[in-house]
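A look at the structure
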Amino acid sequence: MPSSAAKLYDDIVFGKPTLVISVLLLLVVFFAWHAQNFRLDASADSLLLENDPDLEFSREIGDRYGIGESVIVAYTPFTDLFDPKTLQLLSELREDLLALDRVESVDSILNVPVFGDTPLTGISEDYLTIQDEEQDLELARQEIMDSPIFQNALISPDGNTAGLLVGFSIDETSRALLARRTELRNLERDDGLTEEEALELVDVEAGYATDSVIAADRQHEIISDIRNVLDNHKDSAQIYLGGAPMIADDLVTFVEADLRSFSIAVVLLIIVALGLIFRKLRWVAMPLACCAVAGTIMVGVLGLMDWRVTVVSSNFISLLLIIMISLTVHLIVRYRELRATRHYSNHDKILRHAIRSMFRPCLYTALTTAVAFGSLIVSGILPIITFGWMMVMGVSTALVVAFTLFPAVMSMLKADDTQLSSNLRLNLTAALATITDKLKGNVLIIYGLILVLSVIGLTRLRVENSFIDYFRESTEIFQGMTLLDDKLGGTLSFDVVVDLPDAEEEFDDGFDDSFGDFDEGFGDSLDNYGYWFTAAKMDQIKAIHEYLDNDQQTGKVLSFGAVIQLAEKLNANEPIDGLLWALLYSRIPETLKDTVLNPFVSIEDNQLRYNVRVIESAEGLNRNELLRRIESGVEREFGFEDEEVRLTGILVMYNNVLQSLFQSQILTLGVVMLAIMLMFLALFRSWVIALICIVPNAIAAAVVLGIMGWLGIPLDIMTITIAAISVGIGVDNTIHYMHRFRREFPRIGKYRETMFFCHNSIGRAMYFTSMTIVAGFSILALSNFIPTIVFGLLTSFAMLVALTGSLTLLPQLLITFKPLGEETL
């Protein structure tokens with residue numbers, strides 16, 4: 001740093017350590033207070049592309065068809081499902097669920113109509129259900145199991161499991177705020193806002209942010225209440241809960257549980273690792289103190305700014321821990337190295353020299369790490385952008401804390417009187433130097449082969465998001481989702497929305513013109529809506545339904561097409577003409593319209609909605625391929641234009657997020673590498689050195705992603721950031737090693753001898769840092785949450801790959817290309 005800045009830094013940090021520590025403690029107290037507002041958010045909206053046109057369309061469809069959130073309860077009794085006592089127990093469960101706040105409806109086999117031998121034209125409001133005393137339960141069982149509407153949705157194909165669809169009341173306040181926010185944002189994008197509208201947008205956004213926190217708490221409450229109700233009924237049946245709200249809530253629950261359970265375990269293992277390495281209390285306490293200060297400040301910042309941690313950014317604290325420990329361990333090793341070799345220098349002089357000599361490499365390490373994580377900011381996805389900013393701010397905070405708290409505390413402590421040997425040799429790093437020296441150019445060949453295998457692995461990498469794969473098979477959520485897939489047609493779904501052509505269709509009443517006044521007898525029965533139900537249109541609706549239902553990777557399809565199938569069945573499988581359809585429309589009970597018609601047909605918009613569930617546990621399921629196949633297939637098979645068929649729903653939104661992330665993170669990884677190489681150029685002032693330094697980092701990222709490809713670990717919402725993490729970790733070792741090598745080479749004069757010296761000096765710090773992190777994060781493999789396991793193992797693996805590359809490939813590249821000039825005698 002400039003001499004004036006260096007002098008000011010020395011005067012403050014070393015001259016007034018008490019002041020520095022006091023200021024940091026005040027910051028800790030301030031941000032610790034705001035840490036109470038720190039929260040996790042796993043709502044569906046937290047993982048969506050805010051500017052995605054499909055998101056706005058999805059909200060429009062939700063409003064049009066009155067689609068609210070719901071969960072599914074799978075109820076498998078220990079006795080026969082249609083036994084009167086079992087039905088009574090099921091009825092009690094249904095009543096208990098209906099009694100819960102915010103539960104608006106509970107649809108099950110108990111309240112669906114049982115028509116028996118009622119003719120099609122005899123359907124009315126006075127239909128029977130299985131709860132009516134005069135109902136023949138065996139005939140009712142057969143009818144419900146054979147019903148194209150209810151089979152595989154409210155009852156399993158084997159008749160042993162009942163499904164209860166628990167619908168939540170729509171939050172009108174939240175919906176109104178969201179609609180107004182969308183309206184103002186669109187206006188801002190297209191025409192600009194007036195001053196009054198701009199102020200309103202600020203208020204609406206603040207209101208929506210506050211309301212979403214309340215809504216998230218309510219959602220967790222209602223899921224917990226439902227689970228409590230289900231627990232009270234598990235003595236008579238096997239009961240599982242499913243649905244998107246439940247999955248989102250469980251994601252937060254698992255992440256919070258891991259944070260509570262493993263945070264302490266990780267810290268304990270890091271303490272053990274630091275104790276084994278340094279064998280002195282101060283060298284264990286200093287890194288932990290720095291981690292605590294940096295962690296508290298950043299958690300407080302997130303609470304203060306209302307930046308919510310999602311499942312994507314839930315590993316933020318862990319990554320901050322890695323960066324903080326890396327910085328402090330490098331400072332500790334440098335201080336101890338100077339103590340071992342400069343016996344006649346006093347404590348203060350050694351400390352100042354250690355801090356000054358490490359400032360530049362640590363600064364550039366922080367900057368390049370920030371650049372790697374900064375690549376996330378261009379993703380266009382709010383939680384990913386927030387994660388990128390979190391890491392940029394976290395790296396900055398870690399750097400400031402390391403170079404203020406560490407030297408301030410150390411300057412107040414007495415000199416470390418531990419007897420240190422001037423022989424800095426470490427067996428493992430020395431062994432890597434020896435192996436590199438013996439293999440010589442073969443090191444480049446070996447890494448070339450590794451790169452080829454990694455590239456092949458990259459071609460096998462899948463972009464996929466399967467929530468069921470987030471959980472161990474022993475967990476209740478995994479078992480529940482599997483049961484729902486097997487018995488009740490799946491859990492998560494997407495919608496196929498079809499705009500029918502506007503061409504005028506002649507109503508076929510089955511009579512000639514002499515009966516033109518026939519329909520007057522129906523009064524309002526054959527209004528404009530009634531005439532919409534033509535025979536040709538009904539055939540088309542049914543055909544699309546059957547096409548979707550016949551796909552091998554779809555589960556239950558809910559649409560008006562199933563109602564048409566049931567109507568034909570009640571009509572003795574005879575065709576139904578337009579007049580009869582219009583008559584049926586007028587006679588559909590209002591209670592049934594809200595269940596089987598209004599959620600799937602918008603007569604005013606001449607539009608159809610098909611809700612298609614997906615079997616999450618299906619082998620070889622590729623959601624992106626499925627969605628593309630369905631959309632193009634409906635267009636091709638039924639002659640629709642591209643704009644007449646659109647897919648929407650939660651699966652479509654998540655798929656859009658994944659594809660966007662893949663394009664912005666994986667395909668632009670080369671741009672990130674270029675940016676980091678420019679950082680190397682600024683630090684080392686040499687294109688050759690910059691190119692040499694980028695090679696180990698590029699290979700490290702390729703190896704981690706290649707291993708994922710070979711092992712079949714997909715890139716999903718949780719693992720998509722691993723490329724940035726790998727690069728962020730790798731540049732740390734590269735910069736430290738290259739900085740020390742360049743400084744020592746003029747003194748030693750030989751590339752080979754400089755390599756051995758660096759391996760036994762800076763290589764020690766790199767080794768200690770990596771082993772400490774690996775030891776701590778290996779405990780994550782014991783989690784029940786698969787993303788936590790994958791993160792722990794991949795992070796540990798990335799640390800080892802980065803360490804090995806920096807201690808083998810990097811020195812061999814330096815020896816081969818001699819970027820620092822010719823050797824001296």
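Figured I'd write up the structure that's included with this text. (Residues numbered from 1 in each chain as written. Predicted model: local features only at pLDDT ≥ 70, side-chain atom pairs only at ≥ 80, totals over all residues. Heavy atoms only, no water.)

**Looking at empty space enclosed by the protein**
Worth spelling out the cut-off: Lining residues are those with an atom within 4 Å of a point, where the points come from a 1 Å grid over the protein atoms alone and group into cavities, where a 1.4 Å probe fits but cannot get out, or pockets, open sets with protein on both sides within 12 Å along at least five of seven lines. Grid points are joined across faces, edges and corners, and a volume is the space filled by probe spheres set on the points. Runs of E in the DSSP output that reach at least two residues are strands. Runs of H or I that reach at least four are helices, and both are numbered from the N terminus. All residues other than Ala, Val, Leu, Ile, Met, Phe, Trp, Tyr, Cys, Pro, Asp, Glu, Lys and Arg, Gly among them, are scored as polar; the first ten of these are nonpolar and the last four charged.
The final tally for this structure, using the stated rule, is seven cavities of 30 Å³ or more. Considering only enclosed or pocket space, the largest cavity measures out at about 250 Å³ in volume. Lining of the largest cavity is provided by 19 residues; of these, Phe115, Ile123, Val563, Ile588 and Leu592 occupy positions nearest its centre. Contributions of two or more residues to the lining of the largest cavity are made by helix H19 (560–570), helix H20 (578–587) and helix H21 (590–597). When its residues are assigned to classes, the lining of the largest cavity shows 19 nonpolar, no polar and no charged. Considering the residues around the second largest cavity, the lining is formed by 18 residues, among which Ile322, Ile323, Gly728, Ile729 and Asp732 are closest to the centre. Breaking the lining of the second largest cavity down by element, the ones donating at least two residues are helix H10 (316–341), helix H11 (347–374) and helix H26 (722–748). The greatest single-element share of the lining of the second largest cavity, amounting to six residues, is contributed by H10.

**Some thoughts on the pairing of strand E8 (residues 607–614)**
What counts here: Summary of the burial criterion: residues with accessible area below 20% of their type's maximum are buried, those above 50% are exposed, and those between are partly exposed, where the area comes from a 1.4 Å probe applied to protein chains only. Pairing between strands is defined by DSSP: at least two bridges between the two strands are required.
Summarising burial for E8: eight of the eight residues are buried, a large majority. The two faces of E8 match: Gln607, Arg609, Asn611 and Arg613 on one face and Leu608, Tyr610, Val612 and Val614 on the other face are all buried. Pairing between strand E5 (residues 493–499) and E8: seven bridges, direction antiparallel. Residue pairing in the sheet places Val498 in a bridge with Leu608 of E8. In terms of strand pairing, strand E6 (residues 554–558) meets E8 through three bridges, oriented antiparallel. Pairing of Leu558 across the sheet is with Asn611, part of E8. Taken together, the two bridges between strand E7 (residues 601–602) and E8 define a ladder with antiparallel strand orientation. Bridging from a neighbouring strand, Ser602 pairs with Gln607 of E8. With antiparallel pairing between neighbouring strands as the criterion, E7 and E8 make up a hairpin whose turn holds four residues, including Asn606 at a positive phi of roughly 55 degrees.

**A word on the nonpolar core**
To keep things clear, this is the line we draw: Only buried Ala, Val, Leu, Ile, Met, Phe, Trp, Tyr and Cys residues count toward a nonpolar core, and they belong to the same one when joined by side-chain atoms within 4.5 Å. By definition in these notes, contact holds between two residues if any of their heavy atoms fall within 4.5 Å.
Ile109, Ile226, Phe406, Phe494, Val496, Phe560 and Tyr737 are the most contacted members of the largest nonpolar core, which totals 245 residues. It is H10 that provides the largest number of residues to this core, a total of 15 residues. Once residues lying within four places of it in the same chain are set aside, the contact partners of Phe494 are Tyr610, Asn611, Val612, Val614, Leu626, Leu627, Ile630, Leu647, Thr648, Gly649, Leu651 and Val652. Grouped together as the second largest cluster of nonpolar side chains are six residues, Ala74, Leu483, Leu484 and Leu488 included.

**Notes on helix H6 (residues 172–190)**
The following threshold applies: Expected helix span is taken as 1.5 Å per residue step, with the number of steps being one fewer than the number of residues. Within 3.5 Å is the distance limit for a polar contact, defined as a pair of N or O atoms, with the added protein rule that one can donate a hydrogen and the other accept it, and that residues adjacent in sequence qualify only through two side-chain atoms.
Here H6 contains 19 residues, and its C-alpha end-to-end distance of 27 Å stays within 8% of the 27 Å for a straight helix at 1.5 Å per residue. Looking only at H6, the buried set comprises Ser174, Leu178, Arg181, Thr182, Leu184 and Asn186. Those residues of H6 hidden inside the fold are in contact with helix H3 (53–65) and helix H7 (195–231). Structurally, the start of H6 carries an N-cap: the backbone nitrogen of Thr173 is 3.2 Å from a side-chain oxygen of Asp171. Positive phi appears at Gly192, one or two residues downstream of H6, with a value of about 85 degrees.

**A few points about the packing of aromatic side chains**
For the record, the criterion: Working definition: rings of Phe, Tyr and Trp (its six-membered ring) pair if their centres are within 6.5 Å, and the pair is stacked with planes under 30 degrees apart, edge-to-face with planes over 60 apart, and tilted otherwise. Any Lys NZ or Arg CZ that is within 6 Å of a ring centre and within 35 degrees of that ring's normal is treated as a charge sitting over the ring.
For the coordinates displayed, the defined rule picks out 19 aromatic pairs. One aromatic cluster is present, formed by Phe254, Tyr470, Phe471 and Phe785 through successive ring pairs. A cation sits over an aromatic face here: Arg282 above Trp283, 5.7 Å from the ring centre. For Arg646, the ring lying beneath its charged end belongs to Phe57, and the centroid distance is 3.9 Å.

**As for the sheet that holds strand E4 (residues 237–242)**
As a reminder of what qualifies: To obtain each axis, a line is fitted to C-alpha atoms, and for helices this fit is confined to the stretch in contact; angles are then taken between N-to-C directions over 0 to 180 degrees.
Within the open sheet, the four strands sit side by side as E2-E3-E1-E4. Their pairing is antiparallel. Of all strands in the sheet, those bounded by a partner on one side alone are strand E2 (103–107) and E4. Taking each pair of neighbouring strands and ignoring which way they run, the sheet shows an average axis angle of 20 degrees. Where strand E1 (residues 70–77) lies against E4, six bridges are found, and the strand directions are antiparallel. Across the sheet, the residue bridging to Ile72 is Gly242, located in E4. In the packing of helix H16 (residues 476–487) onto the sheet, contacts are made with E1 and E4, and the angle to E4 comes to roughly 95 degrees.

**Quick look at the pattern of salt bridges**
Quick note on the threshold: By convention in these notes, a salt bridge is any Lys or Arg side-chain nitrogen within 4 Å of a carboxyl oxygen on Asp or Glu.
One pass over the full model with this rule turns up 29 salt bridges. A salt bridge links Arg185 to Glu205; the shortest N-O distance between them is 2.9 Å. Taken together, the residues span a long stretch of sequence, with Arg185 in helix H6 and Glu205 in helix H7 at a distance of 20 residues. On the accessibility criterion, Arg185 (27% relative accessible area) is partly exposed. The network of salt bridges with common partners includes Asp10, Asp348, Arg352 and Arg356.

**A closer look at unusual backbone geometry**
A positive phi angle, close to 65 degrees, is found at Asn152, a residue other than glycine. Within the element layout of this structure, Asn152 appears in the loop between helix H5 (137–146) and strand E3 (162–168). You can call Asn152 partly exposed: its relative accessible area is 21%. Even without being glycine, Lys440 reaches a positive phi, approximately 50 degrees. By secondary structure assignment, the location of Lys440 is in the loop between helix H14 (427–439) and helix H15 (442–459).

**Describing the environment of Ala543**
As for its placement among the helices and strands, Ala543 is situated in helix H18 (residues 535–549). Note: C-alpha distance between Ala543 and Arg460 (83 residues apart in sequence) is 37 Å.

**Details of the environment of Gly159**
Here Gly159 is to be found in the loop between H5 and E3. Spatially, the C-alpha atoms of Gly159 and Ile325 are 58 Å apart, while their sequence positions differ by 166 residues. Among all residues touching Gly159, those that are not within four sequence positions of it are Leu81, Arg141 and Met145.

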